[in-house]
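Listed below are the residues making up each chain.
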Amino acid sequence: MGFWSKKNNEKEYPEFWLKYLSFFDKKRKDQPINTTRFVAFDTETTGFDYVNDRVLSIGAVAINTYVVDVSDQIEIYLKQEVFNEDTVEIHGIRKNNGLAKISEKSALKLFIEYIGNAVLIAHHAEFDRKMINKALQRHGLGTLKNPILDTGVLYRKTKHIIYQDDLNVHYSLDDLCSDLKISKSDRHTASGDAFITALAFLKIVSRLKKSNAVTTNDLFYLK
Amino acid sequence: MKNTIAERIQDFLKQFPPFDILKKDELLAISSQVKVSYIEKSAHVFRQDQPCHDEFYVVREGAIGLYRNFDKEQHLVDICDAGDLFGLRIMIIKKNYRMSAVADEESIVYAISAKTFEPFIEENKEVNKFLLGTFASHARDYYTETEKGQRIDNTISIEVAQDLSALRSISYRKKPETCSLDHSVKDIAQKMTKKRVGYIVIVDDDKYPMGIITDVDLRTKVATGMFEITSSVAEIMVAPIVTYSKKLTVAEAQIALIKHNVNHLCITKDGTRNSKLIGILSDHDLLVSFGNNPSVLIKEIKRIKKPKKLRYIRKQLEKLLKSYLEQDIPTAHILSLISEVNEALLARVIELAQKDMETLPPVGFSFLVLGSQGRREQLLITDQDNAIVFEDVKEEEYESTQQYFIRLANKITKGLHSLGYEYCPAEMMASNPRWCMSSSKWETQFRDWMTTPTPESTLLSSIFFDFQCLYGDEKIADALSDVVFDGVNKSNRFLALLGVSALQKPSPLGFFKQFLVEQNGEHKDTFDIKTRAMMVLIDAARILTLHHNIKGVNNTLLRYAKLSELEPKNAAIFESCAKAFRVLIKFRTRQGLLHNDSGRFIKLNTLGKKDKLKLKRCFRPIRDIQELLRVRFQLNTLL
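Residues numbered from 1 in each chain as written. Chains lettered and ligands numbered in written order. Predicted model: local features only at pLDDT ≥ 70, side-chain atom pairs only at ≥ 80, totals over all residues. Heavy atoms only, no water.

1. A word on the overall build of chain A
On a plain count of helices and strands, chain A comes out with 10 helices and five strands. Out of the 223 residues belonging to chain A, those deemed buried represent 52%. The contacts in chain A between residues at least 6 apart in sequence include a share of 68% that link residues at least 24 apart. Put simply, chain A shows about 10800 Å² of open surface, and 51% of that area lies on carbon and sulfur atoms. (Helix = DSSP H or I, 4+ residues; strand = E, 2+ residues; numbered from the N terminus. Buried < 20%, exposed > 50% of the residue type's maximum accessible area, 1.4 Å probe, protein only. Contact = heavy atoms within 4.5 Å. Areas by Shrake-Rupley, 256 points an atom, 1.4 Å probe, with all protein chains shown as cover.)

The structure is reproduced here in structure tokens:
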């Protein structure tokens, strides 16, 4: 509830958050895909618990005019006190491994300023969205306002109608890589996965264009 | 700040010149400015005569073809693979592009801005030299064109063909026509006429070649009255003769013919005149070997060891197809020739995949191609549709056996993909466990589809029942088709449902006799020639042949021919269907070659009035055959 009451009292928000909110004052106009700024992102975390686990790193790269723009990317490593031995093996971020790390608060500021009003893309986006939102809330901020696309869901739409309804099939990022023929180097680093997600997104959109989606909004309302 | 993405791009670039010359931090700086694009198949990176982009490109994966339009024709200049640079014009001249860059297969390219890269060229002479060299190699064709003022014509296509053929050994004629010295001109002229050849080699007792007489000699030396027809061959023969060994390559043969100004080369055992004559090569043979000949292509296919090289054959095949269409060769003939080469290609891919497996197959199997390939109606490359049937094995061995064939199928589908066959979006491929099963499992599957027809199973059976055994044991495949006929005999309901689906295909013409076009999606406002026209003809032919229990005829045209035989009273309808199908398939192929796609979606505004009328004439038989199905299977009650 604390979050909702704060919303009515915007003066307590830091400037970067107010600026971020101002992007979403007006209802978003539908745009062709090639003039929309997309940001593919991924987080590495200490685990899968939204409350107790923490974000260790965020990797993100932008897609402008259908092109993955490497000069428009961000790679952040966070200082965290929570640490989970079990997940270190997956992404290899130890508490002190020499990477320049910043506080969660500055990390969020960097990330929010970087994404602006872009349409976000992530694989199994629900998890990354919740992890970021929890972090934002810990620092007295609201939740992400950007529209978010999930490559897992979009990919399902490219499948043949015979297989599409099979909701039990769960497409991992590895599945996408092998089917869409994307090189799997740097899996399990946030930036590596964000880059792969961006490429997967381009390939998926090219497939979807053949059937129906032409504008950004189409991507959200695919059947 | 750490930049993992840029580091990976750097890792890739540093393998290739000119990036390998750059210092690590320089290359990282360049890599962090790269823009990564995904180019779908047949999409342009840039077009000829358009202003230069601000960046040049490096292929990350896939293949980008560089094409130059010239004399209203498109010439392939080069194909760029992973690590190759293209679009370098911005670095050198900064004028409009002189060629188009088109994705030959889906590709990922890195764009590097000229501004970022320029400082490194100025500093580094090696980099500069490399860029100039690459640029010049792509630009070669139009230099010859502008400097010499002559058509480049075939030179480019031959250049490309050379990759394939110039370095391979020639195929010469064995058992050349010969005679000894003691014959008269008349004798040998008679012999040449009888054997229908344009030359004769004069040999001594040891079969060593001494001289040659060709049509030209008879014309210039005898018909002019210079020599009598009773003269001895020794008097008019051309000697000494030009001889080579059989190791001669096509390129060398070409040069030899020009150098000696002759039309025939003699092939001898050790390549000198002092050894036995073993064959002859004419300029005509050489022409044939440049690939515009299906039998040569098939021979070549059998020699190739790498799937990637097979791709060039597939390219040659497209050229061949184009020339057939231009020459107006009958469709049925084109279909069978192209299928022949296609099947040889596919069989080779399977052979190579098989060789690549660690063990031999545990049991016999049959590799089936489905749909249009199964019907031998595929002229243009489309999706892969295939399946594997293997012999029944003991229950406990089933899984490992299936795993083996799935692994094999994975290699095959990958090989086919590298040939240009896209993976099937519906995954109707042998690598899918659903379509890689034992004989008895397939039989159960087929029976299931026939006894409990659903819209999905009718769709699947219309694809799967048109199969053809491409490789492996044909008996296994034959047994499966028996199941189909058996099922048909037991249940008319199945045929009726197939019939319903044929009648439900969207109709080609609207109420006002206008073409009905697609309403949405990428193909909006185009005419879908496959679903709206061809499928009905294909479906009807299949249903009726099943109904008549005609086995072993999978091809739509052959099916109609057979049906005309069996039902003389409807022969007129069947013949008009066959005719319509021939026109449609040609139409689709032409469109496909024109736009480098499957030809399925036709942009009506690019058609002339004549073509539109031609298409419309094909629709009449479609209506007739639908009517025939409706009556025969009493489909009105089911619709």
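2. Comments concerning the side chain of B:Thr458
Tracing the chain through its elements places B:Thr458 in helix α18 (residues 455–464). Beyond its immediate sequence surroundings of up to four residues, B:Thr458 is in contact with B:Leu497 and B:Leu498.

3. Notes on the interface of chain B and chain A
Facing 36 residues of chain B, the contacting portion of chain A comprises 33 residues. Of the roughly 2900 Å² buried at the junction of chain B and chain A (both faces included), carbon and sulfur atoms supply 56%. Of all residues in chain B, B:Ile5, B:Val36 and B:Tyr38 give up the largest surface area on contact with chain A, accounting jointly for 22% of the area buried on that side. The interface formed by chain B and chain A includes three salt bridges. A salt bridge links A:Arg207 to B:Glu106; the shortest N-O distance between them is 4.0 Å. In this structure, the connection of chain B to chain A is made through five residue pairs in polar contact (both at pLDDT 80 or more). (Buried area = accessible area lost by both parts, 1.4 Å probe. Salt bridge = Lys/Arg side-chain N within 4 Å of Asp/Glu carboxyl O. Polar contact = N/O pair within 3.5 Å; in protein donor to acceptor, adjacent residues only side chain to side chain.)

4. Some thoughts on a positive patch on the surface
Residues and elements named next belong to chain B. A surface patch of positive charge is lined by Lys174, Lys191, Lys194, Lys195, Lys207, Lys246, Lys247, Lys269 and Lys276. If one sorts the elements of the positive patch by residue count, helix α7 (residues 185–195) sits on top with three residues. Mapped onto the elements of the fold, lysine 247 is located in the loop between β13 (243–244) and α10 (250–260). (Patch = residues over 30% accessible without salt bridge, like charges linked within 9 Å, V, L, I, M, F, W, Y side chains within 5 Å. Lys, Arg positive; Asp, Glu negative; His and termini not counted. Charge placed at Lys NZ, Arg CZ, Asp CG, Glu CD.)

5. Re the packing of aromatic side chains
All names here are of chain B. Throughout the structure, instances matching the rule amount to 34 aromatic pairs over all chains. Between phenylalanine 446 and tryptophan 449, the aromatic rings sit 5.7 Å apart at their centres with planes inclined by 25 degrees, giving stacked as the arrangement. Linking phenylalanine 446 with tryptophan 449, this pair stays in helix α17 (residues 439–451), spanning three residues, or about one helical turn. In this structure phenylalanine 446 comes out as buried when scored by relative accessible area, which is 1%. Classification of tryptophan 449 as buried rests on a relative accessible area of 6%. (Phe/Tyr/Trp six-rings, centres within 6.5 Å; stacked < 30°, edge-to-face > 60°.)

6. Regarding the sheet that holds strand β6 (residues 85–86) of chain B
Strand order in the open sheet formed by nine strands is β5(A)-β4(A)-β1(A)-β2(A)-β3(A)-β1(B)-β8(B)-β3(B)-β6(B), and the pairing between neighbours is mixed. Single-partner strands in this sheet number two, and they are β5 (148–150) of chain A together with β6 of chain B. One ladder, built from five bridges, connects strand β1 (residues 35–39) of chain B with strand β8 (residues 107–113) of chain B; its direction is antiparallel. Looking at the pairing, B:Val36 lines up with B:Tyr110 of β8(B). The sheet strands contacting helix α4 (residues 114–123) of chain B are β3 (55–61) and β8 of chain B, and the helix crosses β8(B) at an angle near 65 degrees. (Pairing = 2+ DSSP bridges. Axes fitted to C-alpha atoms, helices over the stretch in contact; angles between N-to-C directions.)

7. Quick notes on the confidence of the model for chain B
Residue and element names in this part refer to chain B. Mean pLDDT for chain B: 81, with 87% of residues reaching 70 or above. Of all secondary-structure elements in chain B, the lowest mean pLDDT belongs to helix α6 (residues 155–165), at 32, while strand β18 (residues 436–438) reaches the highest, 93. Contacts from residues 139–167, a stretch scored under 50 in pLDDT, to residues over four places away or in other chains number 42 contacts. Here the predicted complex scores 0.48 on pTM and 0.83 on ipTM. (pLDDT = per-residue confidence, 0-100.)

8. Focus on the pairing of strand β1 (residues 38–45) of chain A
All names here are of chain A. The buried fraction of β1 amounts to eight of the eight residues, a majority that puts the element mostly inside the structure. Strand direction decides the pairing type here: β1 and strand β2 (residues 55–64), joined by eight bridges, are antiparallel. The residue of β2 that forms the bridge with threonine 43 is isoleucine 58. Sheet analysis places β1 next to strand β4 (residues 119–122), joined by three bridges and oriented parallel. Each residue of the ladder has a partner; that of alanine 40, found in β4, is isoleucine 121.

9. Let's talk about unusual backbone geometry
All names here are of chain B. The amide bond that connects alanine 239 to the next residue, proline 240, takes the cis arrangement and shows omega of -5 degrees. Within the element layout of this structure, proline 240 appears in the loop between α9 (233–236) and β13. The backbone of aspartate 49 sits at a positive phi, close to 70 degrees, despite the residue not being glycine. Assignment of secondary structure puts aspartate 49 in the loop between β2 (44–46) and β3. Of the residues examined, aspartate 49 reaches a relative accessible area of 52% and is grouped as exposed. Although it is not a glycine, arginine 196 adopts a positive phi angle of roughly 55 degrees. The topology assignment puts arginine 196 in the loop between α7 and β11 (199–203).

10. Side note on the nonpolar core
By size, the foremost hydrophobic cluster in this structure holds 121 residues, and its most contacted members are B:Phe446, B:Phe464 and B:Tyr560. Here the element with the most residues in this core is helix α21 (residues 529–547) of chain B; it accounts for 12 residues. Here B:Phe464 is in contact with B:Leu370, B:Ala387, B:Met428, B:Trp435, B:Trp442, B:Phe446 and B:Trp449, once residues within four sequence places are set aside. Core analysis: the second largest hydrophobic core is formed by 73 residues, A:Ile33, A:Leu208, B:Val77 and B:Ala103 among them. (Core = buried A, V, L, I, M, F, W, Y, C linked by side-chain atoms within 4.5 Å.)

11. Some remarks on the packing of α17(B) against α18(B)
All names here are of chain B. One can describe the packing of α17 onto α18 by two numbers: an axis separation of 9 Å at closest approach and a directional angle of 125 degrees. The orientation of α17 relative to α18 falls into the category oblique. Like other packed secondary-structure pairs, α17 and α18 cross with a definite hand, here left-handed. Residue-level inspection shows Trp442, Phe446 and Trp449 of α17 in contact with α18, the latter providing Ser457, Leu460, Ser461 and Phe464. Among the residues making up the contact of α17 with α18, the classes are represented as five nonpolar, two polar and no charged. (Parallel < 35°, antiparallel > 145°, perpendicular 65-115°, else oblique. Left-handed = near helix turned anticlockwise from the far one by under 90°. Nonpolar A, V, L, I, M, F, W, Y, C, P; charged D, E, K, R; others polar.)

12. Topic: the environment of A:His139
Residue and element names in this part refer to chain A. Here histidine 139 shows up in the loop between α5 (125–138) and β5. Between the C-alpha atom of histidine 139 and that of lysine 105, which follows or precedes it by 34 residues, the distance is 7.0 Å. Not counting chain neighbours up to four residues away, the residues in contact with histidine 139 comprise Glu104, Lys105 and Leu108. At 2.8 Å, the side chain of histidine 139 and the side chain of glutamate 104 are in polar contact.

13. A few points about the pairing of strand β14 (residues 264–268) of chain B
Residue and element names in this part refer to chain B. Of all the five residues making up β14, five are buried; the element is thus mostly covered by neighbouring parts of the structure. Both faces of β14 are covered, namely the face carrying His264, Cys266 and Thr268 and the face carrying Leu265 and Ile267. Pairing geometry for β14 and strand β15 (residues 277–282), over five bridges, is antiparallel. Opposite threonine 268, over in β15, you have leucine 277 as the bridge partner.

14. As for the pattern of salt bridges
Residues and elements named next belong to chain B. Taken as a whole and judged by the stated rule, the model has 31 salt bridges over all chains. Here aspartate 539 ties to arginine 542 by a salt bridge, and the two come within 3.1 Å at their closest N and O atoms. Taken as a pair, aspartate 539 and arginine 542 lie in helix α21 at a separation of three residues, close to a single helical turn. Given a relative accessible area of 3%, arginine 542 falls into the buried group.

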